[in-house]
Amino acid sequence: MSVGVTTSAPLPPASDTSAFSLVDYVVFVLLLVLSLAIGLYHACRGWGQHTTGQLLMADRKMSCLPVALSLLATFQSAVAILGVPSEIYRFGTQYWFLGCCYFLGLLIPAHIFIPTFYRLHLTSAYEYLELRFNKTVRVCGTVTFIFQMVIYMGVVLYAPSLALNAVTGFDLWLSVLTLGIVCAIYTALGGLKAVIWTDVFQTLVMFLGQLAVIIVGSAKVGGLGHVWDLASQHGRISGIELDPDPFVRHTFWTLAFGGVFMMLSLYGVNQAQVQRYLSSRTEKAAVLSCYAVFPCQQVVLCMGCLIGLVMFAYYQEHPMSIQQSQAAPDQFVLYFVMDLLKDLPGLPGLFVACLFSGSLSTISSAFNSLATVTMEDLIRPWFPEFSEVRATMLSRILAFGYGLLCLGMAYVSSQMGPVLQAAISIFGMVGGPLLGLFCLGMFFPCANPPGAIVGLLAGLVMAFWIGIGSLVSNMRSSLAPAPWNESSNLTTVTMTTLLPPTTLSRPAGLQRLYSLSYLWYSAHNSTTVIVVGLIVSLLTGGMRGRTLNPRTIYPVLPRLLALLPVSCQKRLRCKSYSQDLPEDTAVFPEKMSNGILKDSGDREATPVAEEGPAHQESSPAILQETSL
């Protein structure tokens, strides 16, 4: 979701900060107290009997609805709550067409990524990379993810606090420290189950906060019909822009199809989301939770757009103050809320609680996922003798340690100045290459470990080249500087510049490349990983002489051929590593054990996968790949 992020010095607080009353503070404190209480409740239940499976994976017993709401909360950060209305206010409703990408962006994970990960009984998404390639590729993916999240999590805590301080006078470091410590405590003590259930509570708070703004705002300007009429008269209701140019910031094709890759990098392979799928009690529940996110996302997107339109209509009839007219885009919504709700005690506090619910849900997901990948990918493989008690304690220490690191990164963010823009953008730069790495392994049986490593490095180089080049190019531009626009995965974070509707000249050469729409970044960078990875794999002999676990492959070509008439299938059918297996077991041979076909269905993950990568590498299901 788009958001203008400013790193300039904050404006003095609005003169009417008395609108933030005692009742508002009470509402805000209640959010923190209840979030902490949920975490402590799950921590105290069975204290002393917790295992790493309970702490990191909620004992794999979560039902569909809480997982779905937790997925939504992780996606809906404070950055998005501030950014989407600002985007609509400034540029109109074109951004709403991003909702068109949600269908494919969730359908593909539900039917490809989730079944593959779930049936392998993973804890960390990067375990897949070891099963498909080797331990080196797994470590590369893990380190890339940790770098991505550590840079980002301090910023996602600091930026909303800075905006809140600028508008309301709310103490900056008090809010940063309070949120960071509360979040670290309930994440470390309660584990993933506490994170998921606090996400459910925080999602409800986010809905209520945004709904209050829409209801009160539309009532003050004469109803939603009048809001729509005013927006139409001033050109804020956008039609479908069918320009296929990928260098145009927002078009239908960019939003509907470029956004699919952005969604896949979040809901397909991001550890924070994958961990929630894998905590479901059955594979069917995991898939249903992914489906359930779709209507919720549409509602959230529509609410953000409505707030933007209500804000536009409101300021057509109520002139902005000087402070508001000089505010950065990420402060527009807060100024509007304080102005709109100043006579209704409790509602400003509800919206601030809504805003920080977004921050808490995103940051707690980061803490928990970082603790998980550190424990499962970097510690357990090298220290397998750890007892369960020591591993559980270390997992808690890691989660709390990442919480303290988040506070440190928030302080670093405050000192970074213009470099903060690049730090926020790193999240979006890294998502595409990681998506490409997983797709390379899952869809191309000939890809090998050298190809995966070189492809990932090439994708990261390309991502940073275009991302940093775009940043530097715009900083050097002779045009007036424009705030950066971030799209927050964990929310959806990608990088762009909120350029004016027209520019003085059309860029050429590298400047043209740097003007690529931010929604195509994930597609461009993931494609780079796949193309380079395949070339290197072919040059180094593919999988010849290496073992290939067929459970890590999704057979795209056979599935596409299955859509053709039977006569065409017989003509096009060719010998492959999966030809001799029944259709289902060719895709997921966990249905076979020592040559015996097992029944499948809605079940817990198979015991054969529970023994970890070492066992699976010696499993009879692993076939020797003798040709490309």
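The shown structure was predicted, so the numbers you read here are calculated from the model rather than taken from an experiment.

### What about the packing of aromatic side chains?
Applying the stated criterion across every chain, the model contains 22 aromatic pairs. Pairing W96 with F97 gives two aromatic rings, centres 5.5 Å apart and planes at 70 degrees, and the pair type is edge-to-face. A residue is classified by how much of its surface remains accessible, and W96, at 34% relative accessible area, is partly exposed. A residue is classified by how much of its surface remains accessible, and F97, at 10% relative accessible area, is buried. With 6.1 Å between their ring centres and 45 degrees between their planes, W173 and Y411 make a pair best called tilted. Residue W173 is found in helix α8 (residues 172-220), and its partner Y411 is found in helix α16 (residues 388-415); the two are separated by 238 residues along the sequence. Relative accessible area serves as the criterion here: at 31%, W173 is assigned to the partly exposed category. By the ring-pair criterion, three or more aromatic residues cluster together here, those being F113, F117, Y126, Y128, F145, F438, F443 and Y554.

### What about the side chain of T74?
With respect to the helices and strands, the residue T74 is situated in helix α3 (residues 64-75). Accessibility expressed as a relative area gives 0% for T74, which makes it buried. A polar side-chain atom of T74 sits 3.0 Å from a polar atom in the side chain of S365.

### Considering the side chain of E87
Assignment of secondary structure puts E87 in helix α4 (residues 78-91). According to the relative accessible area criterion, E87 is buried, its value standing at 4%. In this structure the side chain of E87 is engaged in a polar contact, spanning 3.4 Å, whose partner is the side chain of H250.

### So, the pattern of salt bridges
The full count for this structure, using the stated rule, is 7 salt bridges. Measuring nitrogen to oxygen at the nearest pair gives 3.4 Å for the salt bridge that ties K342 to D339. Among the charged side chains, a network of salt bridges with common partners joins E130, R138 and D377.

### A closer look at a nonpolar patch on the surface
The grouping of F103, L104, I240, L242, W253 and F257 at the surface amounts to a nonpolar patch, some 570 Å² of accessible area in total. If you trace the backbone, F257 turns up in helix α10 (residues 252-267). Overall, the relative accessible area of 38% leaves F257 in the partly exposed class.

### Things to note about the confidence of the model for the protein chain
Per-residue confidence for the protein chain averages 78 on the pLDDT scale, and 79% of its residues sit at or above 70. Averaged over each element, pLDDT in the protein chain is lowest for strand β3 (residues 495-497) (32) and highest for helix α6 (residues 127-132) (94). Here residues 1-18 is modelled with pLDDT under 50, and outside its nearest four sequence neighbours on either side it reaches 73 contacts, counting other chains as well.

### Topic: the nonpolar core
By size, the foremost hydrophobic cluster in this structure holds 154 residues, and its most contacted members are F117 and F336. In this structure F117 touches L122, Y128, G268, V274, L278, F438 and M442, once residues within four positions along its chain are discounted.

### A short note on the environment of V205
By the element assignment, V205 lies in helix α8. Along the sequence, V205 and S357 sit 152 residues apart, while their C-alpha atoms lie 7.0 Å from each other. V205 has contacts with L31, A353, C354 and S357, leaving out every residue within four places of it along the chain.

### Some words on the packing of helix α11 (residues 271-278) against helix α15 (residues 347-379)
Each pair of packed helices gets described by two things: the angle between the helix axes and the distance between those axes. One way to put it is that α11 packs onto α15 with a least axis distance of 9 Å and a crossing angle of 80 degrees. In this view, α11 runs roughly perpendicular relative to α15, as classed from their interaxial angle. Across from Q271, A272, Q275 and R276 in α11, the residues of α15 making contact are S365, N368, S369, T372 and V373. In terms of residue class, the contact of α11 with α15 is made up of 2 nonpolar, 6 polar and 1 charged.

About the cut-offs
- Residues numbered from 1 in each chain as written.
- Predicted model: local features only at pLDDT ≥ 70, side-chain atom pairs only at ≥ 80, totals over all residues.
- Heavy atoms only, no water.
- Phe/Tyr/Trp six-rings, centres within 6.5 Å; stacked < 30°, edge-to-face > 60°.
- Buried < 20%, exposed > 50% of the residue type's maximum accessible area, 1.4 Å probe, protein only.
- Helix = DSSP H or I, 4+ residues; strand = E, 2+ residues; numbered from the N terminus.
- Polar contact = N/O pair within 3.5 Å; in protein donor to acceptor, adjacent residues only side chain to side chain.
- Salt bridge = Lys/Arg side-chain N within 4 Å of Asp/Glu carboxyl O.
- Patch = residues over 30% accessible without salt bridge, like charges linked within 9 Å, V, L, I, M, F, W, Y side chains within 5 Å.
- Areas by Shrake-Rupley, 256 points an atom, 1.4 Å probe, with all protein chains shown as cover.
- pLDDT = per-residue confidence, 0-100.
- Contact = heavy atoms within 4.5 Å.
- Core = buried A, V, L, I, M, F, W, Y, C linked by side-chain atoms within 4.5 Å.
- Axes fitted to C-alpha atoms, helices over the stretch in contact; angles between N-to-C directions.
- Parallel < 35°, antiparallel > 145°, perpendicular 65-115°, else oblique.
- Nonpolar A, V, L, I, M, F, W, Y, C, P; charged D, E, K, R; others polar.

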